[in-house]
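Secondary and tertiary structure notes
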Amino acid sequence: MAREPVVPPRPPCALYLITPPSIADLPAFAKTLADALDAGPVAALQIRLKDVSDDTILAAIAALKPVAQARGVAVILNDRPDLAARSGCDGVHVGQSDASYAEARRAMGPNAMIGVTCHDSRELAMDAAEAGADYVAFGAFFPTSTKETTHRPEVETLTIWQETVETPCVAIGGITAQNAGDLARAGADFVAVSAAVWGHPDGAAAAVREFDQVLATAF
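Residues numbered from 1 in each chain as written. Predicted model: local features only at pLDDT ≥ 70, side-chain atom pairs only at ≥ 80, totals over all residues. Heavy atoms only, no water.

Looking at the overall build of the protein chain
This is how it is decided: In this description a helix means any DSSP run of H or I spanning at least four residues, a strand means any run of E spanning at least two, and both kinds are numbered starting from the N terminus. All radius of gyration figures rest on C-alpha atoms, and the globule criterion is 2.2 Å times the number of residues raised to 0.38. Burial classes: relative accessible area under 20% of the type maximum marks a residue as buried, over 50% as exposed, and values in between as partly exposed (1.4 Å probe, protein chains only).
A tally of regular secondary structure across the protein chain gives nine helices and eight strands. Relative to the compact-globule value of 17 Å for 219 residues, the protein chain shows a C-alpha radius of gyration of 17 Å, a close match. Reported as C-alpha extents along the three principal axes, the dimensions of the protein chain are approximately 65 × 40 × 35 Å. Taken across its 219 residues, the protein chain has 49% of its residues classed as buried.

Description of the layout of surface pockets
Applicable threshold: Computed over the protein atoms alone on a 1 Å grid, cavities are sets of points where a 1.4 Å probe fits but cannot get out and pockets are open sets with protein on both sides within 12 Å along at least five of seven lines; a residue lines them when it has an atom within 4 Å of a point. Grid points are joined across faces, edges and corners, and a volume is the space filled by probe spheres set on the points. The residue classification treats Ala, Val, Leu, Ile, Met, Phe, Trp, Tyr, Cys and Pro as nonpolar and Asp, Glu, Lys and Arg as charged. All others, Gly included, are polar.
As a volume, the second largest pocket reaches approximately 160 Å³. Forming the boundary of the second largest pocket are V94, G95, Q96, D98, A99, S100, Y101, V116, L124, D127, A128 and A131. No other element matches the four residues that helix α5 (residues 122–131) contributes to the lining of the second largest pocket. Each residue belonging to the lining of the second largest pocket can be placed in one class, and the counts come to seven nonpolar, three polar and two charged.

A short note on the packing of aromatic side chains
Using the following cut-off: Side-chain rings of Phe, Tyr and Trp, where Trp is taken by its six-membered ring, are said to pair if the distance between their centres is within 6.5 Å; with planes under 30 degrees apart they count as stacked, over 60 as edge-to-face, and otherwise as tilted.
Throughout the structure, instances matching the rule amount to three aromatic pairs. Measuring from centroid to centroid gives 5.7 Å for Y16 and Y135, while their planes differ by 75 degrees, and the two rings are edge-to-face. Here Y135 lies in strand β6 (residues 135–139) and Y16 lies in strand β1 (residues 14–18), a separation of 119 residues in the sequence. Y16 sits in the buried class, given a relative accessible area of 3%.

With respect to the sheet that holds β6
Test applied: What makes two strands pair is DSSP finding at least two bridges between them. Between N-to-C directions, angles span 0 to 180 degrees; the directions come from axes that are lines fitted to C-alpha atoms, helices contributing only their stretch in contact. Two residues qualify as a contact provided that any one of their heavy atoms is within 4.5 Å of a heavy atom in the partner residue.
Ordered in space as β1-β2-β3-β4-β5-β6-β7-β8, the eight strands form a closed barrel in which the pairing is parallel. Across the sheet, the mean angle separating the axes of adjacent strands is 25 degrees when strand polarity is ignored. Against the sheet, helix α6 (residues 156–164) touches β6 and β7 (169–172), its axis set at about 160 degrees to β6.

What to know about the pattern of salt bridges
The line we're drawing: Salt-bridge detection follows one rule: a side-chain nitrogen of Lys or Arg within 4 Å of a carboxyl oxygen of Asp or Glu.
A complete count under the given rule lists seven salt bridges for this structure. For the salt bridge of D82 with R80, the shortest nitrogen-to-oxygen distance reads 2.9 Å. Overall, the relative accessible area of 23% leaves R80 in the partly exposed class. One salt bridge connects R105 with D134, and the closest N-O pair in it is separated by 3.1 Å. Residue R105 is found in helix α4 (residues 101–108), and its partner D134 is found in the loop between α5 and β6; the two are separated by 29 residues along the sequence. A residue is classified by how much of its surface remains accessible, and D134, at 33% relative accessible area, is partly exposed. What you see here is one network of salt bridges that share partners, running through D54, R80 and D82.

Topic: the packing of helix α1 (residues 26–39) against helix α2 (residues 54–69)
So the rule is basically this: For this classification, under 35 degrees means roughly parallel, over 145 means roughly antiparallel, 65 to 115 means roughly perpendicular, and everything else is oblique. By convention, the crossing between two helices is left-handed when the near helix turns anticlockwise from the far helix through less than a right angle, and right-handed when the turn is clockwise.
Orientation of α1 relative to α2, taken along the N-to-C sense of each, is 25 degrees, at an axis distance of 9 Å. The orientation of α1 with respect to α2, classified from their angle, is roughly parallel. Here the hand of the crossing between α1 and α2 comes out right-handed. Contacts between α1 and α2 involve L26, F29, A30, L33, A34 and L37 from the first element and A59, A60, A63, L64, V67 and A68 from the second. Of the residues assigned to the contact of α1 with α2, the class counts are 12 nonpolar, no polar and no charged.

Section: unusual backbone geometry
In this model, G139 is joined to A140 through a cis peptide bond whose omega is 10 degrees. Within the chain, D79 stands out as a residue other than glycine whose phi angle is a positive 75 degrees. Phi at H119 takes a positive value of approximately 55 degrees, unusual for a residue other than glycine. Among the secondary structure elements, H119 is positioned in the loop between β5 (113–117) and α5.

And the structure:
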């Protein structure tokens, strides 16, 4: 009698940090980031600064990239494949109105990590996965003050994706330690968090510890 194939367990959902949209004091934030990354496992740091100059973005990368990479955390730049390639980031995240996946891949080369925002659309996500994206991002799952959102996917989107496609998926939008476990159980490979970490009343390190506990026990 043939044995059933052994399916390895899915790795625990991991934390994907996103910087605040503006950073007033880079040295102070770099110290906060180091404390946060030392508090628990973090898979990636996305540098996402809005309405700032290229020089400001490059300065942020120069200050934060060594902190993250020294701790084995991938550094992803939002929106700008050109600056990501120029500054030695590990990857880039592009939205539907930013550079295309193909343009990002050409700029970043074959080994970079490229993620694609897919809102609430499995069709967009499938297109990105078939093109070669390293991950797709669904959201916003919950109301968020970090950015204006118009798409609100169902949590079941994560489950369907997890059951049918191998490309990892990131859940984003209004995620807190109180709702992250539900998204992890539904099928998120990563939860992307910004305000719930940097705005935590007990500090970013306490927030990372809280998320770590929630995600480690989500299954």
